[in-house]
Amino acid sequence: MSQPSAQQVPVKLQVTTHIYNGKNKESIEWIGFGRYLEKDTNKYIKYEEIIEEGTIKTIIKVTEKEGLILRSGAVKMRLPFLINKQKVGSYESPYGVFQLVTDTKRLELEVQEQTTTGTLDILYDLKMQGSNNGTYHMTISFKEEKEEE
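What you see is a predicted model; the values in this text were computed from it and never measured.

**Student:** Looking at this structure, I do not really get the overall build of the protein. What am I missing?
**Tutor:** Assigned secondary structure in the protein consists of 0 helices and 10 strands. Counting from the amino terminus, the protein carries its helices and strands in the arrangement β-β-β-β-β-β-β-β-β-β. For 149 residues, the compact-globule formula gives about 15 Å, and the C-alpha radius of gyration of the protein, at 16 Å, lands near that figure. Taking the principal axes of its C-alpha atoms as reference, the protein extends roughly 50 × 35 × 35 Å. Counting across all 149 residues of the protein, residues that qualify as buried make up 36%. When contacts within the protein are restricted to residue pairs at least 6 apart in sequence, those whose partners lie at least 24 apart make up 35%. Of the roughly 9,700 Å² of accessible surface on the protein, a fraction of 47% belongs to carbon and sulfur atoms. One finds the centroid of the 20 positive side-chain charges in the protein at a distance of 6 Å from the centroid of its 22 negative side-chain charges.

**Student:** Got a minute to help me understand the nonpolar core in this structure?
**Tutor:** Where a protein is soluble and globular, its nonpolar side chains tend to be buried together. Membership of the largest hydrophobic core comes to 27 residues, with the highest contact counts inside it found for Ile 45, Ile 60, Ile 69, Leu 79, Leu 120, Ile 122 and Ile 140. Contributing elements (two or more residues each) for this core: strand 1 (9-21), strand 3 (42-51), strand 4 (54-62), strand 6 (76-82), strand 8 (96-112), strand 9 (117-128) and strand 10 (131-144). The dominant element in this core, judged by the number of residues it contributes, is strand 1, at 5 residues. The residues contacting Ile 69, other than those within four sequence positions of it, are Thr 58, Ile 59, Ile 60, Met 77, Arg 78, Leu 79, Phe 81, Ile 122 and Met 138.

**Student:** When you look at the side chain of Glu 49 in this model, what are you seeing that I'm missing?
**Tutor:** Looking at where Glu 49 falls in the secondary structure, it is placed in strand 3. Looking at Glu 49, the relative accessible area reads 13%, which means it is buried. A distance of 2.2 Å separates a polar atom in the side chain of Glu 49 from a polar atom in the side chain of Arg 71.

**Student:** Can you walk me through the sheet that holds strand 2 (residues 24-39) in this structure?
**Tutor:** Consider a sheet: its strands pair through backbone hydrogen bonds, and that pairing is either parallel or antiparallel. With antiparallel pairing, 10 strands are arranged side by side around a closed barrel as 1-2-3-4-5-6-7-8-9-10. Across the sheet, the axes of successive neighbouring strands diverge by a mean angle of 25°, strand direction being ignored. Here strand 6 pairs with strand 7 (residues 86-93) via 3 bridges, running antiparallel. The residue bridging Lys 76 from the neighbouring strand is Glu 92, located in strand 7.

**Student:** Even after reading the chapter, I still don't get unusual backbone geometry, so can you show me in this structure?
**Tutor:** Residues apart from glycine generally show negative phi values, whereas peptide bonds are mostly found in trans. For Asp 40, which is not a glycine, the phi torsion comes out positive at approximately 55°. Mapped onto the elements of the fold, Asp 40 is located in the loop between strand 2 and strand 3. Residue class for Asp 40 comes out exposed when judged on its relative accessible area of 74%.

**Student:** Looking at this structure, I do not really get the packing of aromatic side chains. What am I missing?
**Tutor:** What characterises a pair of aromatic rings is the spacing of the ring centres plus the angle enclosed by the ring planes. A full pass over the atoms with the stated rule returns 4 aromatic pairs. Ring centres 4.8 Å apart and planes at 20° place the aromatic pair Tyr 36 and Phe 142 in the stacked group. Of this pair, Tyr 36 sits in strand 2 while Phe 142 sits in strand 10, and the two are 106 residues apart along the sequence. By the burial criterion, Tyr 36 is buried, and Phe 142 matches it. These aromatic residues form a ring-pair network of at least three members: Phe 81, Tyr 124 and Tyr 136.

Cut-off values and rules
- Residues numbered from 1 in each chain as written.
- Predicted model: local features only at pLDDT ≥ 70, side-chain atom pairs only at ≥ 80, totals over all residues.
- Heavy atoms only, no water.
- Helix = DSSP H or I, 4+ residues; strand = E, 2+ residues; numbered from the N terminus.
- Rg over C-alpha atoms; globule rule 2.2 N^0.38 Å.
- Buried < 20%, exposed > 50% of the residue type's maximum accessible area, 1.4 Å probe, protein only.
- Contact = heavy atoms within 4.5 Å.
- Areas by Shrake-Rupley, 256 points an atom, 1.4 Å probe, with all protein chains shown as cover.
- Lys, Arg positive; Asp, Glu negative; His and termini not counted.
- Charge placed at Lys NZ, Arg CZ, Asp CG, Glu CD.
- Core = buried A, V, L, I, M, F, W, Y, C linked by side-chain atoms within 4.5 Å.
- Polar contact = N/O pair within 3.5 Å; in protein donor to acceptor, adjacent residues only side chain to side chain.
- Pairing = 2+ DSSP bridges.
- Axes fitted to C-alpha atoms, helices over the stretch in contact; angles between N-to-C directions.
- Phe/Tyr/Trp six-rings, centres within 6.5 Å; stacked < 30°, edge-to-face > 60°.

Structure (structure tokens):
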């Protein structure tokens, strides 16, 4: 017998990333639509971004202690998170595969079950190929988007 598939809830997303590198601060914001689902003790946020180079599919998986951002398509990236630990990931570009190392300071997901509204808050230091790339503060807010009947 197959497992019943987890209920995917359509959500509106706001993804904000602040990057601090020395005295420089850069902010990136993206607003779009995706899906939120829970399966076992895992929680997932899925969405697609369309950029000049093509479509990027993003899946974010969060468990009690760990997180993982997987991107495929126009951008290929694997970014793992574990509180107060360094984790190795990768970023694939036309120039080759680069090693990424995350050092996660904060990983919190709060969800109001009744309304499927929530916020994912990730704060981490990022190194690429061994050199410091800055401190990243990523916030993903989502709210259930009622589909038209």
